[in-house]
Amino acid sequence: MNCEETKGQLVDYLSRQLSAPEHEALAAHLAECAECRDELQAVERVWHTLGRVPVPPPGPQVRPEFYAMLASFKEELETTPDYSPRGLWAWLRALPIPRPALRLAYSLCLLGVGLLGGYWLNNGPKPTPAADQQQLAVLAAQVGEMRQVMLLSLIDNPSATERLRAVGYTKELPDPNAKVVNALLGTLNHDDNVNVRLATLEALTPLAQNDATVRLGLVHALAQQESPLVQAALADAMVQLQERRSVQPLRRLLKQANLDDMVKSKIEQSIQTLSDGPPAAPATPQRHDQTQLSPQPARAALAV
């Protein structure tokens, strides 16, 4: 194992969610790598700190919202045709196939689509440049749809590693649809793994630059967070997006009795930045190739 893979599995290691071979491989790497041991100690400190944070009791709207979501999901399943990519994926997931074999089959399908598309483009009739662009756009749309289906299927996986992988697919989607955005916002608000929530926020922040729905979802997410790390990261995201609608939710966060001192300082700084506006651009420094001209002293007249 390398350090990057190890750091991605530290939370599963602490929560004992790794399989026996994975646990042994990670423990062997930790025994040899001092940097990863330091990272494990830092994650463990955060883990214990979060464990002392009280869990709020569910509100009265949890049950009605759950049944409304369940009814919407059932209706969506009934209206989804079996021949659609999502219906095919649901059928494959219902089969008793091991998950590694399913991922392998997915990878082989993508490889097959690429090979067939390349063979057809090279040996078929030579299309016009406009037809080339259209065919590439169709292939890209099909691959993007398969990635979105893969993301939606893994986002609720019991393994935090698989959920992190699902969030990582967001970077490969040029235009995530509304279902993907809603799934990511739900993960940000309700996932029980802090690393998954932080990765989800990192994936949603670029989308919020051009999507008002995502921006509003991030503003509403401020009231849902109990983790100091996620609260601080959300405050930074609000400043990065210059989202002034987040000022009031941030002020409500300051009123929490058990708010971490570091997070409190971060939120106060974010509120001040959002209230005063972005800092002024620094004055343009003088270029080194500019010559400063100064008046030359008049030469004294020579005495005759």
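It should be noted that the structure appears before, not after, this text.
Remember, it's a predicted structure, so these values are computed and weren't measured experimentally. (Residues numbered from 1 in each chain as written. Predicted model: local features only at pLDDT ≥ 70, side-chain atom pairs only at ≥ 80, totals over all residues. Heavy atoms only, no water.)

Taking 1.5 Å of rise per residue, the 16 residues of helix 15 (residues 261-276) would be expected to cover 22 Å, and the 23 Å separating its terminal C-alpha atoms lies within 8% of that figure. By the burial criterion, the buried members of helix 15 are V263, I267, S270, I271 and L274. Take helix 15 and look down its axis: the buried residues cluster within an arc of 100°, on one side only. Away from its buried face, by an angle of more than 90 degrees, helix 15 presents the exposed residues D261, M262, Q272 and D276. Buried residues along helix 15 sit in contact with helix 13 (228-241) and helix 14 (247-254). For helix 15, the N-terminal cap is D260; the gap from its side-chain oxygen to the backbone nitrogen of M262 is 2.9 Å. (Helix = DSSP H or I, 4+ residues; strand = E, 2+ residues; numbered from the N terminus. Expected span 1.5 Å × (residues − 1). Buried < 20%, exposed > 50% of the residue type's maximum accessible area, 1.4 Å probe, protein only. Arc of directions from axis to C-beta. Contact = heavy atoms within 4.5 Å. Polar contact = N/O pair within 3.5 Å; in protein donor to acceptor, adjacent residues only side chain to side chain.)

This next bit is on the packing of helix 10 (residues 178-190) against helix 12 (residues 212-221). Here helix 10 crosses helix 12 at 15°, and the two axes come no closer than 10 Å. In terms of orientation, helix 10 and helix 12 fall into the roughly parallel class. Helix 12 is crossed by helix 10, and the crossing has right-handed handedness. Contact with helix 10, carried on its side by V181, L185, L188 and N189, involves V214, G217, L218 and A221 of helix 12 and no other residues of that element. Broken down by class, the residue content of the contact of helix 10 with helix 12 amounts to six nonpolar, two polar and no charged. (Axes fitted to C-alpha atoms, helices over the stretch in contact; angles between N-to-C directions. Parallel < 35°, antiparallel > 145°, perpendicular 65-115°, else oblique. Left-handed = near helix turned anticlockwise from the far one by under 90°. Nonpolar A, V, L, I, M, F, W, Y, C, P; charged D, E, K, R; others polar.)

Moving on, we come to the pattern of salt bridges. Per the counting criterion, the structure on display carries seven salt bridges. Note that E243 and R215 form a salt bridge whose closest N and O atoms lie 3.0 Å from each other. Of this pair, E243 sits in the loop between helix 13 and helix 14 while R215 sits in helix 12, and the two are 28 residues apart along the sequence. The burial state of E243 is the same as that of R215; both residues are buried. K266 is paired through a salt bridge with D236; the nearest N and O atoms lie 3.2 Å apart. Of this pair, K266 sits in helix 15 while D236 sits in helix 13, and the two are 30 residues apart along the sequence. Judged by relative accessible area, which is 37%, D236 ranks as partly exposed. One connected set of salt bridges, linked through shared partners, spans R163, D191 and D192. (Salt bridge = Lys/Arg side-chain N within 4 Å of Asp/Glu carboxyl O.)

Nonpolar side chains in soluble globular proteins tend to end up buried together. Counting residues in hydrophobic clusters, the biggest one holds 41 residues, and the most contacted among them are L218, L250 and I267. Elements with a minimum of two residues in this core: helix 8 (129-154), helix 9 (160-168), helix 10, helix 11 (194-208), helix 12, helix 13, helix 14 and helix 15. The element contributing the most residues to this core is helix 13, with seven residues. In contact with I267, not counting residues within four places along its chain, are A235, L250, L253, L254 and L259. Counting residues in hydrophobic clusters, the runner-up holds 10 residues, among them L10, L30, C33 and C36. (Core = buried A, V, L, I, M, F, W, Y, C linked by side-chain atoms within 4.5 Å.)

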